[in-house]
Amino acid sequence: MPVAAYPEFPTNIPTHPLLVVDYDLIKNGNEKEIDVLWRAATTLGFWYLKNHGAEEDVEKMFDMGAETMDLPLEEKMKHEQGDGGSSFGYKFSGANAVDASGEPDKIEFINIAKDDALAWPKQARRSYPSTVDNRMESTIIPFVKKSIEINDTIMSIFNSKLGLPEGTLKNIHSVEEYSGSEARTIKAPKNLPIGRQALGAHTDFGSLSFLQNRLGGLQVLPPGVDEWQYVKPLPGHAICNVGDALALFSGGILHSNIHRVYPPPGAQAGFERWSQVFFTRPGNSVMLRPLSDQSPAIAEAVSRLTEEQRAALNPGVTALDWFNRRIKNQRVKNRTGPETWVASRGTEQGRV
């Protein structure tokens, strides 16, 4: 359904304002706009991104997602991601918990590995439904490559701002190494009960997320605030956010903020909610730790932290270990009790 066909976001619903960053300006080195990006990334960790040039690619991904979700469940389940800690493939509604009580989620999605898109027509990580294979060249590969370009551009700015040697973050996120980077198309049902979480509160597992929402529902919990607030989707604007890995690499300078998905407000609640996102995550072998030895700014930031805070920023695991732990312990089938949910948490631990 075209965006124009959806009801508008209600004007009487409070929202949290995000800074707007012009991708075309930051790509061309506009220092004023780069300062806006830096302010957003080091405070809330969320921002709108306009003039990114991915609108057509995103619309095609939504079409691919609709074709995939329309397949019989039996066919989709042949490509289910499973309970072992892998994210790639199809996830059925109810597979993951949304909180410590074990309440199941209400969304289904298809995850396509960056590695599979870039290796096509060879299979790098796993198989996918025919609706994915049929659109790999026309739809998925262009979206993945465009998303990588956008996120790499943003990370190159962060690299400079953090005072890291040139290319440090790009090497950590090399497209040549297998990683958890993936494209995800998400469908949430219409008319969910008020207060029913579609997706539980979390921080993102990786480094950068490039998100497109057709309806409201995304909520953030800003630092120092106890009330969840909606983020209004703006036509033509992506929503970007920092994930756990960049927060760790930067010694906490970059902020990975907790967020969740609730039913869309007002008349929007009567429509299926579709989202499209690309997650950039570090190479599987990369150790998650502050890059203090490569940046005086990061070293100084870490020196100001408590011993407990420094320990939290240095979990002593690889990106693959971090990712697999979080995925595996979200799965309802792996649940033994509230401790399973706790084991799935990232840098948001202690806030929920």
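All values derive from a computational prediction rather than experimental measurement.

Cut-offs used in this document
- Here the residue numbering is sequential within each chain, running from 1 through the sequence in written order.
- Totals for whole chains, interfaces and linings use every residue, but because this is a predicted model, local features are given only for residues with pLDDT of at least 70 and side-chain atom pairs only at 80 or more, for both listing and counting.
- Note that water and hydrogens are dropped before the side-chain values are worked out from all heavy atoms of the structure.
- DSSP bridges decide pairing: two strands pair if at least two such bridges lie between them.
- Secondary structure follows DSSP: runs of H or I at least 4 residues long count as helices, runs of E at least 2 residues long count as strands, and numbering of each begins at the N terminus.
- Interaxial angle, 0 to 180 degrees, is taken between N-to-C directions of lines fitted to C-alpha atoms, where a helix line uses only the stretch in contact.
- Residues count as neighbours in contact if any of their non-hydrogen atoms are within 4.5 Å of one another.
- Relative accessibility under 20% of the residue-type maximum defines a buried residue, over 50% an exposed one, and the middle range a partly exposed one, all with a 1.4 Å probe and only protein chains included.
- Here, the arc refers to the directions that run from the helix axis to the C-beta atoms.
- Among the buried residues, those of types Ala, Val, Leu, Ile, Met, Phe, Trp, Tyr and Cys that are joined through side-chain atoms within 4.5 Å form a nonpolar core.
- Here the term cavity refers to a set of points on a 1 Å grid, laid over the protein atoms alone, in which a 1.4 Å probe fits but cannot get out; the term pocket refers to an open set having protein on both sides within 12 Å along at least five of seven lines, with lining residues being those that place an atom within 4 Å of a point.
- Grid points are joined across faces, edges and corners, and a volume is the space filled by probe spheres set on the points.
- When residues are grouped by polarity, Ala, Val, Leu, Ile, Met, Phe, Trp, Tyr, Cys and Pro land in nonpolar, Asp, Glu, Lys and Arg in charged, and all others, Gly among them, in polar.
- Salt bridges are defined by distance alone: a side-chain nitrogen of Lys or Arg within 4 Å of a carboxyl oxygen of Asp or Glu.
- A pair of aromatic rings is counted whenever rings of Phe, Tyr or Trp (Trp by its six-membered ring) have centres within 6.5 Å, and the orientation is called stacked for planes under 30 degrees apart, edge-to-face for over 60 and tilted otherwise.
- Angles below 35 degrees are treated as roughly parallel, those above 145 as roughly antiparallel, those between 65 and 115 as roughly perpendicular, and all remaining angles as oblique.
- UniProt positions are given in the numbering used here, feature names are shortened, and annotations may be inferred rather than shown by experiment.
- How far a helix is expected to stretch is found by multiplying one less than its residue total by 1.5 Å.

> Describe the sheet that holds strand 12 (residues 273-280), and please don't skip the residues or the numbers.
Read across the open sheet, the 8 strands follow the order 1-2-10-7-12-5-4-3; overall the sheet is mixed. Either end of the sheet is taken by a strand with one partner, and the two such strands are strand 1 (20-22) and strand 3 (89-91). Across the sheet, the axes of successive neighbouring strands diverge by a mean angle of 25°, strand direction being ignored. Inspection of the sheet shows strand 5 (residues 182-188) paired to strand 12 by 7 bridges, in the antiparallel sense. The residue of strand 12 that forms the bridge with Thr185 is Gln276. Relative to strand 12, helix 7 (residues 136-161) is tilted by about 55°, and along the sheet it contacts strand 2 (46-50), strand 4 (108-113), strand 5, strand 7 (208-213), strand 10 (238-242) and strand 12.

> Please set out helix 10 (residues 296-303) residue by residue, giving values where relevant.
Here helix 10 has its buried residues at Ile298, Ala301 and Val302. Along the axis of helix 10, the buried residues cluster in a sector spanning 95°; they form a single face. Of the exposed residues in helix 10, those oriented more than 90 degrees away from the buried face are Pro296 and Ser303. Those residues of helix 10 hidden inside the fold are in contact with helix 9 (244-249) and helix 11 (307-312).

> Kindly report on the nonpolar core, identifying the contributing residues and their values.
Ranked by size, the top nonpolar core spans 63 residues in total, and within it Trp47, Leu49, Ile140, Ile154, Phe158, Leu246 and Phe249 carry the most contacts. In terms of residue count, helix 7 provides more of this core than any other element does, 11 residues in total. Formed by 18 residues, the second largest nonpolar core is a distinct cluster that contains Leu44, Phe109, Leu192 and Val261.

> So what's going on with the environment of Asn171? Residues and values would help.
Mapped onto the fold, Asn171 is located in helix 8 (residues 168-172). With 38 residues separating them in the primary sequence, Asn171 and Ser209 have C-alpha atoms 18 Å apart.

> I'd love a proper account of the layout of surface pockets, names of residues and values included.
By volume, the largest pocket amounts to about 830 Å³. Of all the elements in the fold, those that place two or more residues in the lining of the largest pocket are helix 9, helix 10, helix 11 and helix 12 (319-330). Residues that form the lining of the largest pocket fall into these classes: 13 nonpolar, 11 polar and 7 charged.

> An account of the pattern of salt bridges is requested, with residue identities and associated values reported.
Scanning all chains against the criterion turns up 21 salt bridges. Across the pair Arg214 and Glu59 runs a salt bridge whose closest N-O atoms are separated by 2.6 Å. Of the two residues, Arg214 is situated in the loop between strand 7 and strand 8 (218-220) and Glu59 in helix 3 (residues 55-69); the sequence distance between them amounts to 155 residues. Assessed through its relative accessible area of 11%, Arg214 is described here as buried. Glu59 gets classed as partly exposed once you look at its relative accessible area, which sits at 33%. For the salt bridge of Glu300 with Arg304, the shortest nitrogen-to-oxygen distance reads 3.3 Å.

> Outline the side chain of Thr318, listing residues and values.
Inspection of the secondary structure puts Thr318 in the loop between helix 11 and helix 12. Taking relative accessible area as the criterion, Thr318 reaches 16% and is therefore assigned buried.

> For the packing of aromatic side chains, give the residues involved together with the corresponding values.
If you walk through the whole model with that rule in mind, you get 6 aromatic pairs. Ring centres of Trp47 and Phe158 lie 6.3 Å apart, and the angle between their planes is 85°; this geometry places the pair in the edge-to-face category. Within this pair, whereas Trp47 is found in strand 2, its partner Phe158 is found in helix 7, the two being separated by 111 residues in sequence. With respect to burial, Trp47 and Phe158 carry one shared label: buried. A ring pair is formed by Phe143 and Phe278, whose centres lie 6.5 Å apart and whose planes are at 75°; its orientation type is edge-to-face. Here the residue Phe143 occupies a position in helix 7, and Phe278 occupies one in strand 12, the gap between them amounting to 135 residues. In terms of burial, Phe143 and Phe278 fall into one category: buried.

> So what's going on with the packing of helix 2 (residues 31-42) against helix 7? Residues and values would help.
Two elements in contact, helix 2 and helix 7, have axes whose closest approach is 11 Å; the angle formed by their N-to-C orientations is 85°. With respect to their mutual orientation, helix 2 and helix 7 come out roughly perpendicular. Contacts between helix 2 and helix 7 involve Ile34, Asp35, Leu37, Trp38 and Ala41 from the former and Ile154, Ile157, Phe158 and Lys161 from the latter.

> Go over the UniProt feature "domain: Fe2OG dioxygenase" (unreviewed entry) in the chain with me, naming the residues and quoting the values.
Here the UniProt-annotated "domain: Fe2OG dioxygenase" (unreviewed entry) positions come out as residues 164-282. Across residues 164-282, the secondary structure splits into 9% helix and 32% strand, with the terminal C-alpha atoms separated by 16 Å.

> Could you give an account of helix 3, naming the residues involved and the relevant values?
Taking 1.5 Å of rise per residue, 15 residues should cover 21 Å, and helix 3 covers 21 Å from first to last C-alpha, within 8% of that figure. Three or more residues of helix 3 are buried, namely Asp57, Val58, Met61, Phe62, Met64, Gly65, Thr68 and Met69. One side of helix 3 carries all its buried residues, which in axial view fall inside an arc of 165°.

> Got a sec to walk through empty space enclosed by the protein? Specific residues and values, please.
This model, assessed by the stated rule, comprises 5 cavities of 30 Å³ or more. In this model, the largest cavity occupies a volume close to 480 Å³. Of all elements in the fold, only strand 5, strand 6 (199-202), strand 7, strand 11 (259-261), strand 12 and helix 12 reach the threshold of two or more residues within the lining of the largest cavity. Here the residues of the lining of the largest cavity sort into 16 nonpolar, 12 polar and 7 charged.

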